[in-house]
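Geometric and topological summary
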Amino acid sequence: MRPDSAPSTARADVYTETVEGFGTVRFTPVDPAADSSVLHSWVLEERAEFWGMNGASRELVQEIYEDVDRRHTHHAFMVRLDGEPVALFQTYQPSEDRISECYEVREGDVGVHLMLAPATGGPRPGFSRTLIGSLIRFLFRDPAALRAVGEPDARNDKALALLGRIGFVRQGEITLPEVDLPEVYLPEKRAVLAFLDRPEPLPAPHAVSS
């Protein structure tokens, strides 16, 4: 494991599960100072262009997640598999986000964003789908969470294909309005609105081989 990917000891895991044949998955609130280096290395990659931080400095990445950390309506989690960071998972209350201007928010809606870490080593069949099973169990561990809301960039074909494979239902395109505040700037974004109803029962924690 690289030194800059070592987990911070300052924050406790909020959810942990062991998936047979896959490993132990841990969700820890992002520590802006401790995690900014690894997050910065991810957002600089061309594959992360739709995350909107390709030209950001490490300091700016840290500032962005310090802003998220101060909010009670938006949350960011570092996801680790056997200690190695493999994803950034963010959740938010749609009623407190710009997406509320684009659809009628229902009680129990939870907005989600996901960025997978750059692949290392050889291919791992079923990796993404197995990890997303953990994300779904984490998200819906709260009985008040009834529906996941996704809004990937309309140009992000890979993200849209992944949402389709895991059961999100597209509702059409939306235009997220520009946000220009002293603490945060978000450009206007053409996105695809998609929903995933709470699965009953939740998927069992087992590795997907293909």
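Our structure's up above, just so we're on the same page.
Throughout what follows, the structure given in this document is the object of discussion.

Relative to each other, helix α1 (residues 32–43) and helix α2 (residues 58–70) sit at 120 degrees, their axes nearing to 8 Å. Classed by the angle they form, the pair α1 and α2 counts as oblique. Handedness of the α1/α2 crossing: right-handed. Contacts from Pro32, Ala33, Ser36, Ser37, Leu39, His40 and Val43 of α1 reach α2 at Arg58, Val61, Gln62, Tyr65, Glu66 and Asp69. Classifying every residue of the contact of α1 with α2 by side-chain character gives six nonpolar, four polar and three charged.

A few words on the pairing of strand β5 (residues 109–116). In terms of burial, β5 is a largely internal element, six of the eight residues being buried. Sheet topology note: the strand β4 (residues 84–92)/β5 ladder contains six bridges and is antiparallel. Along β5, the bridge assignment pairs Thr91 with Val112. Where β5 lies against strand β6 (residues 147–150), three bridges are found, and the strand directions are parallel. When the sheet's bridge partners are listed, Gly111 is paired in β6 with Val149.

Summed over all chains, the structure comprises 12 salt bridges. For the salt bridge of Asp13 with Arg26, the shortest nitrogen-to-oxygen distance reads 2.8 Å. Pair noted here: Asp13 is in the segment before β1 (15–19) and Arg26 is in strand β2 (residues 23–29), with a separation of 13 residues, a long-range link. Assessed through its relative accessible area of 33%, Asp13 is described here as partly exposed. A salt bridge links Arg198 to Glu200; its shortest N-O distance comes to 2.9 Å. Residue classification places Arg198 among the partly exposed positions, given a relative accessible area of 21%. Residues joined in a network through salt bridges with shared partners are Asp67, Arg70 and Arg71.

About the cut-offs
- Numbering of residues starts from 1 in every chain and runs along the sequence as written.
- It should be noted that, the model being predicted, local features are given only for residues of pLDDT at least 70 and side-chain atom pairs only at 80 or more, the latter also being counted only at that level, while totals for whole chains, interfaces and linings use all residues.
- Calculated side-chain values reflect all of the structure's heavy atoms, with hydrogen atoms and water omitted.
- All axes are obtained by fitting lines to C-alpha atoms, using only the stretch in contact for helices, and the reported angles, taken between N-to-C directions, cover 0 to 180 degrees.
- Secondary structure is summarised from DSSP: a helix means a run of H or I of at least four residues, a strand means a run of E of at least two, and numbering begins at the N terminus for each.
- With respect to orientation, any angle under 35 degrees is reported as roughly parallel, any angle over 145 as roughly antiparallel, any angle of 65 to 115 as roughly perpendicular, and every other angle as oblique.
- For any pair of crossing helices, the crossing counts as left-handed if the nearer helix is rotated counterclockwise from the farther one by less than a right angle, and right-handed if it is rotated clockwise.
- Two residues form a contact once any of their heavy atoms are found within 4.5 Å.
- Lys, Arg, Asp and Glu make up the charged group, whereas Ala, Val, Leu, Ile, Met, Phe, Trp, Tyr, Cys and Pro make up the nonpolar group; the residues left over, Gly among them, are polar.
- Between buried and exposed lies partly exposed: a residue is buried under 20% and exposed over 50% of the maximum accessible area for its type, with that area taken using a 1.4 Å probe on protein chains only.
- For two strands to be treated as a pair, DSSP must find at least two bridges joining them.
- Every case where a carboxyl oxygen of Asp or Glu lies within 4 Å of a side-chain nitrogen of Lys or Arg is listed as a salt bridge.

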